[in-house]
Amino acid sequence: VRLVESGGGLVQAGGSLRLSCAASGLTFSNYNMGWFRQAPGEEREFVAAVTWSGSNTNYADSVKGRFTISRENAQNTLYLQMSSLKSEDTAVYYCAASSSAGRIAPSRRWEFDYWGQGTQVTVSS
């Protein structure tokens, strides 16, 4: 299984970025998917998740109303649209795949089976 993130970079506060995660080696449409992030010296934290069909989503309170998670199963790709970025959004962002069952998008690290290598997002104030 391979998850490859892209789209990170340097952006000014208030700006936008769109992250992508290309998945291979798994039946993408069978997996719930999520984004996590980790800032220097901090624990890896949940950002957003989406169920296998795209019908249900889940967001951390810190990003609600600013970030949107989506997926394109035909392209085996997960997205994270980030808007109104703040300096505290600076982190390495990771894509993750979860085989957990249920209609609620998972949010805990242990629920995810596969992880990407991450992409750096830096927001300058």
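Scroll up for the structure.
The antiparallel open sheet is built from four strands, whose spatial order is S1-S3-S8-S7. The open sheet has two edge strands with one neighbour each: strand S1 (2–6) and strand S7 (67–72). Here the strands of the sheet are splayed against their neighbours by 15° on average, with no regard to which way each runs. Relative to strand S8 (residues 77–82), strand S3 (residues 17–24) runs antiparallel, the two being bridged by six bridges. Note on S8: the bridge partner recorded for Ser20 is Tyr79.

This paragraph deals with unusual backbone geometry. A positive phi is found at Asn76, a non-glycine position, where the angle reads about 55°. Structurally, Asn76 is set in the loop between S7 and S8. Using a relative accessible area of 28% as the deciding quantity, one classes Asn76 as partly exposed. Not every positive phi belongs to a glycine, and Ser84 is a case in point at roughly 50°. If you trace the backbone, Ser84 turns up in the loop between S8 and strand S9 (91–98). Owing to a relative accessible area of 42%, Ser84 belongs among the partly exposed residues under this scheme.

By the secondary structure assignment, Arg66 is in the loop between strand S6 (57–59) and S7. Polar contacts involving the side chain of Arg66 include one to the main-chain carbonyl oxygen of Ser62, which spans 2.9 Å. Looking at Arg66, its side chain comes within polar contact range of the side chain of Asp89, at 2.7 Å. Apart from residues lying up to four places away in sequence, Arg66 is in contact with Gln81, Met82, Ser83, Ser84, Leu85, Lys86 and Asp89.

What counts as what
- Residues numbered from 1 in each chain as written.
- Predicted model: local features only at pLDDT ≥ 70, side-chain atom pairs only at ≥ 80, totals over all residues.
- Heavy atoms only, no water.
- Pairing = 2+ DSSP bridges.
- Helix = DSSP H or I, 4+ residues; strand = E, 2+ residues; numbered from the N terminus.
- Axes fitted to C-alpha atoms, helices over the stretch in contact; angles between N-to-C directions.
- Buried < 20%, exposed > 50% of the residue type's maximum accessible area, 1.4 Å probe, protein only.
- Polar contact = N/O pair within 3.5 Å; in protein donor to acceptor, adjacent residues only side chain to side chain.
- Contact = heavy atoms within 4.5 Å.

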